[in-house]
Amino acid sequence: MQVPTQQSRGGAVLAGLGGWLPPRVVDNDELSRRIDTSDEWIRTRTGIARRHVVDNGLSTVDMAVQAGRRALRSAGSYGEGIDAVVLATSTPDHLCPASAPQVAAELGLSGAAAFDVNAVCSGFVYALATAAGLIAAEIATRVLLVGADAFTTLLDPDDRTTVPIFGDGAGAVVLRQGSPDEPGAVGPFDLGSEGELTDLLYVPAGGARLKRSDDPSDHYLRMQGQAVFRHATARMASSSRAVLEKAGWHTSDVDRFVGHQANVRILTATAKNLGLPADSLVVNIGHTGNTSAASIPLAMLDGVVDGTLRAGDRVLVSAFGAGLTWGSTVLRWPGLECEPPA
Ligand code: UT7
């Protein structure tokens, strides 16, 4: 086990990565038999061919536990002595309490600090910044961070504007205390929000504002797709620029761009806006759909498994989500042993 020296503390270093997708797969043809859409429309407008969805009582906690277990295995000895569990999710198993303590308990980590972070599709980057802050402040030395969402549970099954886009899943990382200069050290970060635009993407009822509504559609996700698209491309690009400047990187320093997987057109437009070559994009949305807080760690995992993300790569990470929220960070990719997402 590596013991950090006094000088090497302050950095939060990626030490393990894992992911899990529920076994039930829904392809575009199956959706086309249920709602007024087509495989051709979904592929060309979003880049999505299929997605995994929860069924048979599977929940966010179940997925988070599976992904967390894989990340702990990937981290080897760094997976021991976890003192905090952070769960990024906007679909917790219960409105109260948070789901992270249950995830911790099921992973044998009872006693660790455990809490949820909700920044919807930006949740993983927000939680990464939070976990890095816990380590920098020496509140924790090793953190298990899971991004997990069962977003399909928020959807009106007959709504063709949302159903094709989202999928369910979980991705997880282990962060350890280390040097800010070593491969895998995350940061700096850029985070932001624009709450004036909550209505572009939200579930009107079920929370403290409107507990129950007589209109069933109020309990489903409502999205103004075109407006969200415009804000996503603009914010991911401006946030990426801000974090590159903080890090002292030029755009030409970036080897790989791991962006939130909401729509392949959002990713290509953002890359174009930043002047990044299209082949720098890590893209896995084709088989996952938009898995919200799970999307970035799942994309990282697919990138490692298919060889697009290699040790030493300079990686730009950027996310955008409901709220509105956005966040970006950078890291040099460390050498990690990972299992493919089950
Ligand atoms: O993490 C953040 C979460 N959300 C997002 O990032 C979503 C961002 N937005 C998007 O990705 C895109 O706006 C969508 C994929 C949601 C929609 O793509 P679009 O290119 O913006 O389509 P549109 O809303 O402009 O609709 C174009 C046409 C319309 O028909 P008309 O008016 O041109 O005749 C829609 O009625 O496509 C129609 N349409 C569909 N057709 C077949 C809308 N949904 C579908 C569908 N199948 N599922």
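Shown above is the structure to which this text applies.
Residues numbered from 1 in each chain as written. Predicted model: local features only at pLDDT ≥ 70, side-chain atom pairs only at ≥ 80, totals over all residues. Heavy atoms only, no water.

**Q** Just checking my understanding: could you explain the packing of aromatic side chains for this structure?
**A** What describes a pair of aromatic rings is the distance from one ring centre to the other and the angle between the planes of the rings. The full count for this structure, using the stated rule, is one aromatic pair. The cationic tip of Arg176 hangs over the ring face of Tyr78; the distance from NZ or CZ to the ring centre is 4.6 Å. The cationic tip of Arg314 hangs over the ring face of Trp249; the distance from NZ or CZ to the ring centre is 4.9 Å. (Phe/Tyr/Trp six-rings, centres within 6.5 Å; stacked < 30°, edge-to-face > 60°. Lys NZ or Arg CZ within 6 Å of the ring centre and 35° of its normal.)

**Q** Help me understand the site of the ligand in this model?
**A** Around the ligand, a shell composed of 22 residues is seen, among which Thr37, Arg160, Gln226, Asn263 and Arg265 lie nearest. Between the ligand and the protein, one listed contact pairs an oxygen atom with a side-chain N or O atom of Asn263 at 2.7 Å. Residue Asn290 places a side-chain N or O atom 3.1 Å away from an oxygen atom belonging to the ligand. Taken together, the elements giving at least two residues each to the shell around the ligand come down to helix H2 (39–46), helix H6 (225–247) and helix H7 (264–274). For the shell around the ligand, the element with the most residues is H6, which contributes four residues. Among the residues forming the shell around the ligand, the class breakdown is eleven nonpolar, seven polar and four charged. (Near = heavy atom within 4 Å. Polar contact = N/O pair within 3.5 Å; in protein donor to acceptor, adjacent residues only side chain to side chain. Helix = DSSP H or I, 4+ residues; strand = E, 2+ residues; numbered from the N terminus. Nonpolar A, V, L, I, M, F, W, Y, C, P; charged D, E, K, R; others polar.)

**Q** Looking at this model, I keep getting lost on the sheet that holds strand S13 (residues 325–332). Mind explaining?
**A** Sheets are built from strands paired through backbone hydrogen bonds, the pairs being either parallel or antiparallel. Across the sheet, which stays open at both edges, the four strands sit in the order S8-S13-S12-S11 with mixed pairing between neighbours. The open sheet is flanked by strand S8 (189–193) and strand S11 (256–259), the only strands paired with a single partner. Sheet twist, expressed as the average angle between the axes of neighbouring strands with direction ignored, equals 15°. Of the pairings in the sheet, the one linking S11 to strand S12 (residues 314–321) comprises four bridges and is parallel in character. Counted as the bridge partner of Arg256 is Val315 from S12. (Pairing = 2+ DSSP bridges. Axes fitted to C-alpha atoms, helices over the stretch in contact; angles between N-to-C directions.)

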